Amino acid sequence: MIFLMRRLCVHTITTKPLSLEDCLVQFPQRGVSGITIWRQALEGRNLGTVARQVRDAGLEVVSLCRGGFFPATTPAGRQTAIDDNLKAIEQAHAIGAPLIVLVCGAVPGQSLVESRKQIAEGIAAVLPAAEQAGVKLAIEPLHPMYADDRSAVNTMRQAHEICDALGSPIAVGIAVDVYHVWWDPELKAQIDLAGQTGRLHAFHICDWKTPTTDFLNDRGLMGEGCINIKQISDWVDATGFTGHREVEIFSNKWWSVDQNEFLDQIASTYARLYS
Ligand code: ZN
């Protein structure tokens, strides 16, 4: 069982009603070995203390969520985004997170091509600080339904193109989230390419429900929807990826139930999926 669960990571946003302290107690009790910390969970906290608390809980910090949101219609707006990402790099370094997930951003009314250019420029601007801090950056392609205001990067191909445009720095890779890319006919080939280029930095799991009643907050627990999670996991593993499988679920439904029972379900569902 311990071997089975050694790659299970849960995002703090998945159990949003729990405090960080509760996560640090409840996650290990289910055999969860990794935690991805959302920045709102850090507000008002001493980051050195958080790093120690996580270590004491026996959890590995898998990543910090999230940076990005680089595009803006004004230079001042783009600089604000760069400053915020520099702050995220400092936070990641302080809590011992080796990776920051980038939700890259988009601006309604601005062309996606222009937004992607600004995303590449934004990443380039923060890359030296990330490299110096030993923190990697993962571009997370988002489902095209978010192309208006959350991300102009909607496929793994586009994420690869940004990595290429940056000169393929080791620090910049891709976060594969099944919710966002499961539909992509190129998915296997792009995962293979991510493996070959050393860009497969993170793997997020949840499910796509039918019908989806809320574009943001109606993600499913694995098995509740139509994504062939095991198939995609096998493609990811076939590249040599041995990192955590991160359960990232935004769900008004699941946030409204007892979070301890929800965590029990996450653990048992995960165990069934990967046994
Ligand atoms: Zn994700």
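Everything discussed here concerns the structure shown above.
Note that the coordinates shown come from a computational prediction; the quantities given were computed from them, not determined experimentally.

1. What about the overall build of the protein?
Thinking step 1. When its secondary structure is counted, the protein shows 11 helices and eight strands.
Thinking step 2. In terms of overall dimensions, the protein is globule-like: its C-alpha atoms have a radius of gyration of 18 Å, near the 19 Å expected for 275 residues.
Thinking step 3. Counting over 275 residues, the protein shows a buried share of 56%.
Thinking step 4. Counting only contacts in the protein whose residues sit at least 6 apart along the sequence, the fraction spanning at least 24 positions is 79%.
Thinking step 5. Of the roughly 11,300 Å² of accessible surface on the protein, a fraction of 53% belongs to carbon and sulfur atoms.

2. Quick notes on the pairing of strand S3 (residues 60-68)
Thinking step 1. Most of S3 sits inside the fold, with seven of its nine residues counted as buried.
Thinking step 2. Pairing geometry for strand S2 (residues 34-38) and S3, over five bridges, is parallel. Residue Gly 34 lies in a different strand from S3, and its bridge partner there is Glu 60.
Thinking step 3. Taken together, S2, helix H3 (residues 47-56) and S3 form a β-α-β motif whose crossover is right-handed.
Thinking step 4. With four bridges connecting them, S3 and strand S4 (residues 99-103) associate as parallel partners.

3. Comments concerning the nonpolar core
Among soluble globular proteins, nonpolar side chains are generally buried collectively.
Thinking step 1. If you look at the biggest cluster of nonpolar residues, it comprises 82 residues, and the most contacted ones within it are Ile 123 and Ile 139.
Thinking step 2. Look past the residues within four positions of Ile 139 in its chain and what remains in contact with it is Leu 102, Cys 104, Ile 123, Val 153, Ala 159, Ile 162, Cys 163, Val 172, Gly 173, Ile 174 and Ala 175.
Thinking step 3. Membership of the second largest hydrophobic core comes to 10 residues, among which are Trp 38, Leu 99, Ala 202 and Phe 250.

4. Some remarks on the coordination of the zinc ion
Thinking step 1. Within the protein, the zinc ion binds to Glu 140 (OE), Asp 177 (OD), His 204 (ND1) and Glu 248 (OE); these donor distances fall in the range 2.0 to 2.2 Å.
Thinking step 2. Considering all four donor atoms around the zinc ion, the spread of angles at the metal, 83 to 165°, places the coordination shape in the irregular class.
Thinking step 3. Between consecutive donor residues of the zinc ion, the sequence gaps follow E-x36-D-x26-H-x43-E. Of the two residues, His 204 is situated in strand S7 (residues 200-205) and Glu 248 in the loop between strand S8 (245-247) and helix H10 (252-255); the sequence distance between them amounts to 44 residues.
Thinking step 4. What makes His 204 buried here is its relative accessible area of 0%.

5. So, the side chain of Glu 140
Thinking step 1. With respect to the secondary-structure elements, Glu 140 resides in the loop between strand S5 (136-139) and helix H6 (156-165).
Thinking step 2. Of the side chains with opposite charge, Arg 219 lies nearest to the buried Glu 140, which makes no salt bridge, at 5.7 Å.
Thinking step 3. Apart from the residues within four sequence positions on either side, Glu 140 is in contact with Val 101, Leu 102, Val 103, Ser 151, Val 153, Ala 175, Asp 177, His 180, His 204 and Glu 248.

6. Notes on the sheet that holds S5
Thinking step 1. If you walk around this closed barrel you meet the eight strands as S1-S2-S3-S4-S5-S6-S7-S8, and the pairing is parallel. Shown here is a sheet whose adjacent strand axes are inclined to one another by a mean of 30°, direction ignored.
Thinking step 2. Taken together, the four bridges between strand S6 (residues 172-177) and S7 define a ladder with parallel strand orientation. By the bridge assignment, Ala 175 is partnered in S7 with Ala 202.
Thinking step 3. Here helix H2 (residues 20-29) sits on the sheet and contacts strand S1 (8-11) and S2; the angle it forms with S2, its principal contact strand, is near 165°.
Thinking step 4. Contacts from helix H4 (residues 75-95) reach S2, S3 and S4 within the one sheet, and its direction differs from that of S3 by about 175°.

7. Focus on the pattern of salt bridges
Thinking step 1. Within the structure shown, the criterion is met by 15 salt bridges.
Thinking step 2. In this structure, Asp 234 engages Lys 230 in a salt bridge whose closest nitrogen and oxygen atoms are separated by 3.1 Å. Within this pair, Asp 234 and its partner Lys 230 are both found in helix H9 (residues 229-238), separated by four residues, close to a single helical turn.
Thinking step 3. Classification of Lys 230 by relative accessible area gives partly exposed; the value is 31%.

8. What to know about the packing of H3 against H4
Each packed pair of helices is defined by two parameters, the angle between the axes and the distance between the axes.
Thinking step 1. Where H3 meets H4, the closest approach of the two axes is 8 Å, and the angle between their N-to-C directions is 45°. Between H3 and H4, the angle falls in the class oblique. Only Gln 91, Ala 94 and Ile 95 of H4 make contact with H3, whose side of the interface consists of Leu 47, Val 50 and Ala 51.
Thinking step 2. Tallied by class, the residues present in the contact of H3 with H4 amount to five nonpolar, one polar and no charged.

The rules behind the values
- Residues numbered from 1 in each chain as written.
- Predicted model: local features only at pLDDT ≥ 70, side-chain atom pairs only at ≥ 80, totals over all residues.
- Heavy atoms only, no water.
- Helix = DSSP H or I, 4+ residues; strand = E, 2+ residues; numbered from the N terminus.
- Rg over C-alpha atoms; globule rule 2.2 N^0.38 Å.
- Buried < 20%, exposed > 50% of the residue type's maximum accessible area, 1.4 Å probe, protein only.
- Contact = heavy atoms within 4.5 Å.
- Areas by Shrake-Rupley, 256 points an atom, 1.4 Å probe, with all protein chains shown as cover.
- Pairing = 2+ DSSP bridges.
- Right-handed = clockwise from strand over helix to strand, strands pointing away.
- Core = buried A, V, L, I, M, F, W, Y, C linked by side-chain atoms within 4.5 Å.
- Donors = N, O, S within 2.8 Å, 3.2 Å for Na, K, Ca; no water.
- Tetrahedral: all angles 85-135°; square planar, octahedral: opposite > 155°, others 65-115°.
- Lys, Arg positive; Asp, Glu negative; His and termini not counted.
- Salt bridge = Lys/Arg side-chain N within 4 Å of Asp/Glu carboxyl O.
- Axes fitted to C-alpha atoms, helices over the stretch in contact; angles between N-to-C directions.
- Parallel < 35°, antiparallel > 145°, perpendicular 65-115°, else oblique.
- Nonpolar A, V, L, I, M, F, W, Y, C, P; charged D, E, K, R; others polar.

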